[in-house]
Structures are given as structure tokens and as C-alpha cells.
Amino acid sequence: MTPDLLEPRLRQAAILPIVQPRSVDFVLSLVAELAAGGAEAIEIVMRSEAALASIEACRRAFPDLLIGAGTILTDEHYDAAVAAGAQFGISPGFLPSVCAYAKKGPITLVPGVQTASEVMAAQAAGFDLLKFYPSEPAGGTVVLADFANIFTTATFMPSGKIQLSHLAGYGKLRNITSVGGSWMYAEGASESVRDRMAASLTAIRAARG
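Note that this is a predicted model, so its numbers are computed, not measured.

Some details on the pattern of salt bridges
Summed over the entire model, instances satisfying the criterion amount to three salt bridges. Among the salt bridges present, the one from E187 reaches R22, with a minimum N-O distance of 3.4 Å. Pair noted here: E187 is in the loop between β9 (179-181) and α9 (193-208) and R22 is in the loop between β1 (15-19) and α2 (24-36), with a separation of 165 residues, a long-range link. For the residue pair E187 and R22, the accessibility class agrees, reading exposed in each case.

Let's talk about helix α7 (residues 140-150)
All buried positions along α7 are accounted for by G140, L144, F147 and A148. Down the axis of α7, the buried set is contained in an arc of 105 degrees. They therefore lie on one face. The exposed residues of α7 that point more than 90 degrees off its buried face are V142, N149 and I150.

Examining the packing of helix α4 (residues 75-84) against helix α5 (residues 96-103)
Running from amino to carboxyl end, α4 crosses α5 at an angle of 30 degrees, the nearest separation of the two axes being 9 Å. Crossing angle aside, the handedness with which α4 passes α5 is right-handed. On α5, the residues that touch D75, Y78 and D79 of α4 are S97, V98, Y101 and A102. Taken together, the residues of the contact of α4 with α5 break down into four nonpolar, one polar and two charged.

A word on helix α1 (residues 3-13)
Spacing of three or four residues puts side chains on the same side of an α-helix, whose turn is 3.6 residues. Taken together, the buried positions of α1 are L6, E7, L10 and A13. Buried residues of α1, viewed axially, fall in a sector of 125 degrees; they line one side. Summarising the geometry of α1, the exposed residues directed more than 90 degrees from the buried face are D4 and L5. Directly after α1, the chain includes A14, whose backbone phi takes a positive value near 70 degrees.

So, how was this worked out
- Residues numbered from 1 in each chain as written.
- Predicted model: local features only at pLDDT ≥ 70, side-chain atom pairs only at ≥ 80, totals over all residues.
- Heavy atoms only, no water.
- Salt bridge = Lys/Arg side-chain N within 4 Å of Asp/Glu carboxyl O.
- Helix = DSSP H or I, 4+ residues; strand = E, 2+ residues; numbered from the N terminus.
- Buried < 20%, exposed > 50% of the residue type's maximum accessible area, 1.4 Å probe, protein only.
- Arc of directions from axis to C-beta.
- Axes fitted to C-alpha atoms, helices over the stretch in contact; angles between N-to-C directions.
- Left-handed = near helix turned anticlockwise from the far one by under 90°.
- Contact = heavy atoms within 4.5 Å.
- Nonpolar A, V, L, I, M, F, W, Y, C, P; charged D, E, K, R; others polar.

In C-alpha cells form, the structure reads like this:
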């Protein structure tokens, strides 16, 4: 999927649940709950042996969802994500060699940035859709509001230590495509995953107006 098609779909989705794949069954059960709460896109991180099989299973079980592969660190990760059926990839940082490799591939890679210099380098390499990570430790909405005034063609997908209470602030920023995290399935919460997902969408869409 090309950036011009991916960005509007992620903006519409507004919230990007980031799923840690403990097992394929865990992922399928969790994604079903997230989808029931209104999720339209999911990121499955490449941090376990179950990741690739989970991407494949989700593409089959949830054909209407946008499924991405997270934590792309190498060319090999990118190729594996493509082979598993991921529709986009996300990297926590900006590595020029991996980004150049992905530019030649069939799915969009969203590189991660944190500083103004990294945004400039990523844009010079042809990337305007960027992950801002880790968002809250790096200044969150305060930094991204400044970036909106400087980098007028860049849009961001913040993630990292974000909670439901932060969503109103992110939703008010014009340069936010979607907000990622795992708060909606954190253990110990009294509400269901479905209800937390629905509440997250309500919060960010209300802020967007």
C-alpha cells in the first residue's frame, strides 16, 4: 500500500492498537475484541516467534482490517513482513539503509523519528508519514505542536507510554495521523478491551471535532 493510500486510512482509523503477539490464538482473540470496539487498523510487532503467523492469521480472519507489522529493524524484517501479508510496516527509528530498501518494496514503511534533525533526514529521503517514538518521554504533544509549525507536510503516528487520558491532546493536533499504544488491553483494567477501544475512539474523535 502506497503512502497516499495508507495515510488517509490510518487517519480514519485514528487509533492504532499495538499488539504484542504472545501466541496466534492470543492475537486473534484480542484483535476480535479490538475490532468489536471499532478498531480499523492493527499493528502487530515483530518481537516474538508468533508475529509472522499472527499477521497471516489476522489477514485471513479480519479481511477488512488494515494490518501492519511493527518493529521493522532490518531489510530481512521488512521482507518477512511482506511475505506474511502485512499491508504496511513501522520502524521505531530512521535507518537510511532500511528505508531505502523499503522504498523499492511493495508496502510503505513508516520510519520513527524523535528530533527535528531526524524529521529533516526522513523527509529528505522521501518520507512524510512518520512514527514519533517514544512519544510521551520525548515531549508528546508539546513537541508535536511545534513540529506542526515547522514541518508542514509531515504527519505523525505517536506511540510510547500513551494512555487514554492523553488522547484529547493528541486529537487537537492537525499533524497527527493516528495514535498508537496498548493501553486498551492493559491487564488489571475494570473495563473490557472492547469498551476501552470504543472509549479511545470517542476521545480522539471528539477532540478532532
